[in-house]
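Structural overview
Now for the letters of each chain:
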Amino acid sequence: MLLNSVIISINQFLPLALLWVLLHHSDFGQASEKLPFLPTLLLCALACAVFLGFADTISQWFDYKGLEIFKILLLLGIYGCVVAVLCFGGRVYKQIAIVLASVMYLSHFVMYVSSYWQLDTKQGIVIGTILGLGICLSFCTLLFFTLAWFKAHRAWAVVLALLSAHSASKVANAVDLAAQIDLLPSSETVFDLRFLLDEYGITGRLLKALLGYEATPSYANLVAFTSALILSAGVIIWRMRLIEQGSVKGVEHDQ
Amino acid sequence: MYFCMLFGMFTSVKAAATDSVTIVLKNHLFIPAQVDVPAGKKVRLIIDNQDETAEEFDSFDLNREKVLFPKRKSIIYIGPLSVGEYRFFGEFSPNTAQGVVIAKESTDATQ
């Protein structure tokens with residue numbers, strides 16, 4: 001139970017924590033707008049509680065496809081919010097993305113704890129969760145300062161590429177969910193990298209959470225990931241040009 | 001390359017009719033633990049969670065993940081698969097809830 005709790009807490013907390021760190025560093029060419037920690041945490045808890053109250057019922061909708069449809073909307077919502085952050089900046093989009101991600105991931109963790117919380121398993125769950133949270137915190141702290149270093153050296157592209165890849169993986173994930181319920185045509189696996197790096201190990205899991213690594217991606221998954229990445233890259237390039245034009249005009253105006 | 005992928009996405013669906021396979025989750029065990037399916041065909045897995053606790057069907061090999069609510073049925077479509085073995089497990093009880101989907105060349109693969 002202890003090891004299982006460690007793995008589940010890493011799987012569920014890491015994507016949320018990574019998104020928080022990446023969004024924290026996503027401001028470019030503007031004043032930084034940080035997320036207020038406590039209000040966002042409260043919103044996440046409230047959204048999770050509401051979702052968990054109805055999740056069981058939602059799962060039975062549309063011929064047992066309700067939960068996937070709901071999650072597809074959540075994932076696309078997260079991607080949409082990240083694109084909006086890249087387009088316009090703004091704290092509200094960051095906050096919505098975090099709340100949607102918490103409903104997507106934290107609700108699984110709460111389901112696990114509420115299902116297995118018994119006298120003989122309590123200790124394993126608590127210690128496992130603390131260890132899992134510690135690992136997430138360590139990795140995210142490392143990422144936080146690495147991204148800060150990149151920003152300090154004006155390497156915006158690295159930070160934004162990571163955020164783009166992370167958000168594009170949500171679209172790829174949504175496409176997999178759509179194939180899972182036969183909403184999109186299933187497609188065959190493009191390549192198989194399991195011999196090199198599978199997703200059961202710690203490196204595979206980290207890469208999956210950070211960049212959406214898939215050892216056996218389908219055509220649909222790859223197309224969705226690439227398309228979402230191209231769109232994000234287009235938005236970033238457009239925004240950077242706008243900022244450059246603004247700064248050139250500013251210089252001309254000063255002269 | 002990109003357009004080839006886009007083309008492949010919509011041309012690789014081979015299944016004419018969808019086969020259904022029922023898996024029961026009881027006492028944190030998938031029954032049957034081995035599911036034989038025909039390769040190159042789409043298959044509908046009906047998972048009946050008869051336990052009192054929730055479980056999460058998870059498979060990195062199949063790219064599938066779904067919460068199985070207690071005393072509820074769930075449906076997951078898999079395939080078309082290439083010949084081979086595809087592991088799946090219950091994320092909440094990975095030591096006991098394990099199984100494998102075996103995609104076989106023969107068209108009469110049964111569970």
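What comes next concerns the included structure. These numbers come from a predicted model, not from an experiment.

Attention shifts here to the overall build of chain A. Regarding its fold elements, chain A presents 9 helices and 0 strands. Scanning chain A from its N terminus toward the C terminus, one meets helices and strands in the order α-α-α-α-α-α-α-α-α. The C-alpha atoms of chain A give 20 Å as radius of gyration, which agrees with the globular expectation for 255 residues (18 Å, within 12%). When burial is assessed residue by residue, chain A has 49% of its 255 residues classed as buried. Contacts in chain A between residues far apart in sequence, at least 24 positions, make up 78% of those at least 6 positions apart. With the model as given, the accessible surface of chain A reaches about 11900 Å², and the carbon-plus-sulfur share is 72%. In chain A, 15 positive and 16 negative side-chain charges are present, and the distance between their average locations comes to 9 Å.

This paragraph deals with the pairing of strand 1 (residues 19–26) of chain B. Residues and elements named next belong to chain B. Strand direction decides the pairing type here: strand 1 and strand 4 (residues 43–49), joined by 7 bridges, are parallel. For I23, the partnering residue across the bridge sits in strand 4 and is I47. Here strand 1 pairs with strand 2 (residues 29–31) via 3 bridges, running antiparallel. Bridge pairing in strand 2 links L25 to F30.

Counting across every chain of the model gives 1 cavity of 30 Å³ or more. As a volume, the largest cavity reaches approximately 30 Å³. Every residue lining the largest cavity is listed: L67, E68, K71, L177 and Q180 of chain A together with E65, K66 and V67 of chain B. The set of elements that each furnish at least two residues to the lining of the largest cavity consists of helix 4 (66–88) and helix 7 (156–180) of chain A together with strand 6 (64–68) of chain B. Along the lines of polarity and charge, the residues of the lining of the largest cavity split into 3 nonpolar, 1 polar and 4 charged.

Residue and element names in this part refer to chain A. In this fold, S167 is placed in helix 7. A polar contact is formed between the side chain of S167 and the backbone oxygen of S164, at a distance of 3.0 Å. Contacts of S167, omitting those with residues within four sequence positions, involve Y79, V82 and S232.

Any two aromatic rings considered together are summarised by their centre-to-centre distance and by the angle between their planes. Residues and elements named next belong to chain A. If you walk through the whole model with that rule in mind, you get 14 aromatic pairs over all chains. Between F51 and F70 the ring centres are 5.1 Å apart and the planes differ by 5°, which places this aromatic pair in the stacked class. Separated by 19 residues along the polypeptide, F51 in helix 2 (residues 37–58) and F70 in helix 4 bring together distant segments of the chain. You can call F51 buried: its relative accessible area is 5%.

Residue and element names in this part refer to chain A. Among the surface-exposed residues, L2, I127 and L131 lie close enough to one another that they form a single nonpolar patch of about 230 Å² accessible area. Residue placement: I127 occurs in helix 6 (residues 122–152). You can call I127 partly exposed: its relative accessible area is 36%.

With that settled, the discussion passes to the pattern of salt bridges. Oppositely charged side chains can form a pair if their charged atoms are brought close together. Per the stated rule, a full pass over the model turns up 10 salt bridges over all chains. Between K66 of chain B and E68 of chain A there is a salt bridge whose closest N-O contact spans 2.7 Å. Here K66 of chain B, found in strand 6, pairs with E68 of chain A, found in helix 4, and the two come from separate chains. For K66 of chain B, a relative accessible area of 4% translates into the label buried. Relative accessible area serves as the criterion here: at 3%, E68 of chain A is assigned to the buried category. Taken together, the shared-partner salt bridges connect D192 and R194 of chain A together with D61 of chain B into one network.

Thresholds applied
Residues numbered from 1 in each chain as written. Chains lettered and ligands numbered in written order. Predicted model: local features only at pLDDT ≥ 70, side-chain atom pairs only at ≥ 80, totals over all residues. Heavy atoms only, no water. Helix = DSSP H or I, 4+ residues; strand = E, 2+ residues; numbered from the N terminus. Rg over C-alpha atoms; globule rule 2.2 N^0.38 Å. Buried < 20%, exposed > 50% of the residue type's maximum accessible area, 1.4 Å probe, protein only. Contact = heavy atoms within 4.5 Å. Areas by Shrake-Rupley, 256 points an atom, 1.4 Å probe, with all protein chains shown as cover. Lys, Arg positive; Asp, Glu negative; His and termini not counted. Charge placed at Lys NZ, Arg CZ, Asp CG, Glu CD. Pairing = 2+ DSSP bridges. 1 Å grid on protein atoms, 1.4 Å probe; cavity = no way out; pocket = protein on both sides within 12 Å on 5 of 7 lines; lining within 4 Å. Points joined across faces, edges and corners; volume = space filled by probe spheres on them. Nonpolar A, V, L, I, M, F, W, Y, C, P; charged D, E, K, R; others polar. Polar contact = N/O pair within 3.5 Å; in protein donor to acceptor, adjacent residues only side chain to side chain. Phe/Tyr/Trp six-rings, centres within 6.5 Å; stacked < 30°, edge-to-face > 60°. Patch = residues over 30% accessible without salt bridge, like charges linked within 9 Å, V, L, I, M, F, W, Y side chains within 5 Å. Salt bridge = Lys/Arg side-chain N within 4 Å of Asp/Glu carboxyl O.

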